[in-house]
Amino acid sequence: MDGRGDSETPDFDDPALDARRARWTAALTGAVLALAGVAAAALRAGGSEPVLVPAAYAVGAALCALASVLGSRGRTRRALWLLVVGAMVMALGDQFD
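Everything in this summary refers to the structure shown in the same document. The structure displayed is predicted, hence computed values, not measured ones.

Let us look at a nonpolar patch on the surface. Together, L52, L92 and F96 make up an exposed nonpolar region whose accessible area comes to about 280 Å². By the secondary structure assignment, L92 is in helix α3 (residues 76-96). Residue classification places L92 among the partly exposed residues on the basis of a relative accessible area of 46%.

Below, the structure is given as structure tokens:
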């Protein structure tokens with residue numbers, strides 16, 4: 001490095017790039033958690049558990065799917081809070097299991 005101002009390091013202070021990364025992170029995380037919740041609800045639906053267990057997984061998956069949609073539209077703060085709530089609902093279903 002020679003101390004010039006036009007160095008070839010990438011610019012990490014780009015707010016548009018940060019917003020795009022946050023949107024993709026929220027959307028993909030919501031989709032993965034929604035798929036995991038649907039799979040868990042389907043596996044638990046055939047068992048002898050109370051009906052509350054698969055319902056909790058399904059509701060958590062629906063919340064995560066909604067968070068994925070919100071995240072893809074740029075509402076990342078709301079999407080991340082919905083991801084937390086959806087994961088907590090699925091964890092509650094796991095506690096009833």
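More follows now that the structure is in view.
Bringing the side chain of S68 into the picture now. In this fold, S68 is placed in helix α2 (residues 52-72). Side-chain polar atoms of S68 contact the backbone oxygen of A27, separated by 2.8 Å.

Right, let's get into the nonpolar core. The biggest cluster of nonpolar side chains holds twelve residues, and these are A26, A34, A40, A41, V53, Y57, C64, A67, A79, L82, L83 and M90. For this core, the elements supplying multiple residues, two or more each, are α1 (15-45), α2 and α3. Excluding residues that lie within four positions of it along the chain, A34 makes contacts with A61, C64 and A65.

Moving on, we come to the packing of α1 against α2. Between two packed helices, the angle of one axis relative to the other and the distance separating the axes together describe the packing. α2 packs onto α1 with a crossing angle of 160° between their chain directions and a minimal axis gap of 7 Å. Judged on the interaxial angle alone, α2 and α1 are roughly antiparallel. By crossing handedness, the relation of α1 to α2 is classed as left-handed.

This paragraph deals with α1. For α1, built from 31 residues, the straight-helix expectation of 45 Å at 1.5 Å per residue is met to within 8% by its first-to-last C-alpha distance of 44 Å. For α1, the elements touching its buried residues are α2 and α3.

Once that is clear, we can look at the packing of α2 against α3. It is at 8 Å that the axes of α2 and α3 come closest, and there the two elements cross at 170°. With respect to their mutual orientation, α2 and α3 come out roughly antiparallel. Grouping the amino acids of the contact of α2 with α3 by side-chain chemistry returns 19 nonpolar, five polar and two charged.

A few words on the environment of Q95. Following the sequence through the fold, Q95 ends up in helix α3. By relative accessible area, which is 63% here, Q95 ends up exposed. Between the C-alpha atom of Q95 and that of V53, which follows or precedes it by 42 residues, the distance is 8.5 Å.

With respect to the element layout, G86 can be found in helix α3. Each C-alpha atom of the pair G86 and V59 lies 7.4 Å from the other, and the pair is 27 residues apart in sequence. In contact with G86, not counting residues within four places along its chain, are G60, L63 and C64.

Rules behind the numbers
- Residues numbered from 1 in each chain as written.
- Predicted model: local features only at pLDDT ≥ 70, side-chain atom pairs only at ≥ 80, totals over all residues.
- Heavy atoms only, no water.
- Patch = residues over 30% accessible without salt bridge, like charges linked within 9 Å, V, L, I, M, F, W, Y side chains within 5 Å.
- Areas by Shrake-Rupley, 256 points an atom, 1.4 Å probe, with all protein chains shown as cover.
- Salt bridge = Lys/Arg side-chain N within 4 Å of Asp/Glu carboxyl O.
- Helix = DSSP H or I, 4+ residues; strand = E, 2+ residues; numbered from the N terminus.
- Buried < 20%, exposed > 50% of the residue type's maximum accessible area, 1.4 Å probe, protein only.
- Polar contact = N/O pair within 3.5 Å; in protein donor to acceptor, adjacent residues only side chain to side chain.
- Core = buried A, V, L, I, M, F, W, Y, C linked by side-chain atoms within 4.5 Å.
- Contact = heavy atoms within 4.5 Å.
- Axes fitted to C-alpha atoms, helices over the stretch in contact; angles between N-to-C directions.
- Parallel < 35°, antiparallel > 145°, perpendicular 65-115°, else oblique.
- Left-handed = near helix turned anticlockwise from the far one by under 90°.
- Expected span 1.5 Å × (residues − 1).
- Nonpolar A, V, L, I, M, F, W, Y, C, P; charged D, E, K, R; others polar.

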